[in-house]
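Breakdown of the fold
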Amino acid sequence: MSGEFRIGGWRPSPATLIASVLVVAGFALTALDWGFVAIAAVGMFLPGILREVGVLHDKDEFEMEAARRAGYHAYLAGGLFTFLLVAWFRSAHPSLAHPGALVEDVLIVMWFTWLLSSLFSYWGAHRTAARILWIFGILWLVFNLLAGGGDWTGTLMQSLLALPFVAAALAARRWPKATGVFLLAVSVFFFWFFGLADAFRGDPTGKGRIQVLILFLGPLLASGVALLSRMQPEEREERG
């Protein structure tokens, strides 16, 4: 149907669109007051609650199964991360400048895991990984062009680093295992190159290290694991 809003073959329902606006607005308004994060919480969780109690019927059986599978993945990731934080905090006795940030980190892990799992369940491993890699390549290119500072030679050389992401996106469907290994290797390299190990030394809440670790390496790691795992992507990728 013409005029429908679609994202890669997926047509979000009005409830999903409204919830997405609430999430973005809630986090954007935290620049004024962190109390506005409650708006984001409503956007994240209220639609799911309404679906579970039978008030909202905007997803078919496949979509509900994908959402519940993603919820289980979020529970596993969030639970493991929370226990590791408790073990680290009680054994190392670190000095934390912003202890509340650890709660934010747990929420980021759970929500981001749910989001990625939903995408992989809906689009399949090949297609989702390819789209994530295209986004990474484009963002890397745009970032270097904006931060070039007039040094066009250096900017061009750094921008060429977007090519491996583009190549991996093109190779994800034909050589999923090799691409998965490549993504895991790239994740390890970035972990070392950007000094993200500092997140586990001293105060991990400083400079948003854990958030960078989750949001930057998370998609690459998830894509690599998905391409190497048994997700039956061919059957799932028929949707969109």
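To be clear, the structure that these remarks concern was listed above.
So, here's what we can say about the structure. Everything quoted here is computed from the prediction, not taken from an experiment. (Residues numbered from 1 in each chain as written. Predicted model: local features only at pLDDT ≥ 70, side-chain atom pairs only at ≥ 80, totals over all residues. Heavy atoms only, no water.)

Here the focus is the overall build of the chain. Secondary structure summary: the chain contains 10 helices and zero strands in total. The contacts of the chain with a sequence gap of at least 6 include a subset with a gap of at least 24, amounting to 68%. Of the accessible surface of the chain, which amounts to about 14700 Å², a share of 71% is contributed by carbon and sulfur atoms. (Helix = DSSP H or I, 4+ residues; strand = E, 2+ residues; numbered from the N terminus. Contact = heavy atoms within 4.5 Å. Areas by Shrake-Rupley, 256 points an atom, 1.4 Å probe, with all protein chains shown as cover.)

What follows deals with the pattern of salt bridges. Note on pairing: side chains with opposite charge can pair once their charged atoms come close. Tallied over the full model, the rule gives two salt bridges. The residue Glu 52 makes a salt bridge to Arg 68 at a minimum N-O spacing of 3.2 Å. Taken together, the positions of Glu 52 in helix α2 (residues 37-52) and Arg 68 in helix α3 (residues 61-92) put the pair 16 residues apart, joining distant regions of the chain. (Salt bridge = Lys/Arg side-chain N within 4 Å of Asp/Glu carboxyl O.)

Within the largest apolar cluster, 28 residues are counted, with the highest numbers of intra-cluster contacts made by Phe 81, Leu 133, Phe 165, Phe 190, Leu 220 and Leu 227. At the level of secondary structure, the elements contributing two or more residues to this core comprise α3, α4 (100-123), α5 (125-146), α7 (162-171), α8 (176-193) and α9 (209-228). In terms of residues, this core owes the most to one element, α9, which gives seven residues. (Core = buried A, V, L, I, M, F, W, Y, C linked by side-chain atoms within 4.5 Å. Buried < 20%, exposed > 50% of the residue type's maximum accessible area, 1.4 Å probe, protein only.)

Contact pair helix α1 (residues 14-29) / α2: the axes reach a minimum separation of 5 Å and the direction vectors enclose 155°. What the angle tells us is that α1 and α2 run roughly antiparallel. Here the hand of the crossing between α1 and α2 comes out left-handed. Residue-level contacts link Thr 16, Ala 19, Leu 22, Val 23, Gly 26, Phe 27 and Leu 29 of α1 to Val 37, Ile 39, Ala 40, Val 42, Gly 43, Met 44, Pro 47 and Arg 51 of α2. A per-class count over the contact of α1 with α2 returns 11 nonpolar, three polar and one charged. (Axes fitted to C-alpha atoms, helices over the stretch in contact; angles between N-to-C directions. Parallel < 35°, antiparallel > 145°, perpendicular 65-115°, else oblique. Left-handed = near helix turned anticlockwise from the far one by under 90°. Nonpolar A, V, L, I, M, F, W, Y, C, P; charged D, E, K, R; others polar.)

Attention now goes to α8. With 18 residues, α8 extends 25 Å between its outermost C-alpha atoms, agreeing within 8% with the 26 Å of an ideal straight helix rising 1.5 Å per residue. Within the sequence span of α8, burial applies to Pro 176, Thr 179, Gly 180, Leu 183, Val 186, Ser 187 and Phe 190. Seen from one end, α8 has its buried residues packed into an arc of 125°, which puts them on one side. Residues Ala 178, Val 181, Val 188 and Trp 192 are exposed on α8 and point more than 90 degrees away from its buried face. (Expected span 1.5 Å × (residues − 1). Arc of directions from axis to C-beta.)

Turning to the environment of Val 166, a few remarks are in order. Within the secondary structure, Val 166 is located in helix α7. Accessibility expressed as a relative area gives 22% for Val 166, which makes it partly exposed. Linking Val 166 and Ala 130, residues 36 residues apart in sequence, is a C-alpha distance of 8.4 Å.

Right, let's talk about the packing of α7 against α8 for a bit. Between two packed helices, what matters for the description is the angle formed by their axes and the separation of those axes. The geometry of α7 relative to α8 is characterised by a closest axis approach of 9 Å and an angle of 155° between their N-to-C directions. The orientation of α7 with respect to α8, classified from their angle, is roughly antiparallel. Crossing of α7 over α8 shows left-handed handedness. From α7, Pro 164, Phe 165, Ala 168 and Ala 171 reach across to α8, where they touch Pro 176, Thr 179, Phe 182, Val 186 and Phe 190. Residues of the contact of α7 with α8, tallied by class, amount to eight nonpolar, one polar and no charged.

Once that is clear, we can look at the environment of Gln 211. As for its placement among the helices and strands, Gln 211 is situated in helix α9. Residue classification places Gln 211 among the buried positions, given a relative accessible area of 17%. Once the C-alpha coordinates of Gln 211 and Leu 102 are considered, the two residues, 109 residues apart in sequence, prove to be 9.9 Å apart. Beyond its immediate sequence surroundings of up to four residues, Gln 211 is in contact with Glu 104, Asp 105, Ile 108 and Phe 216.

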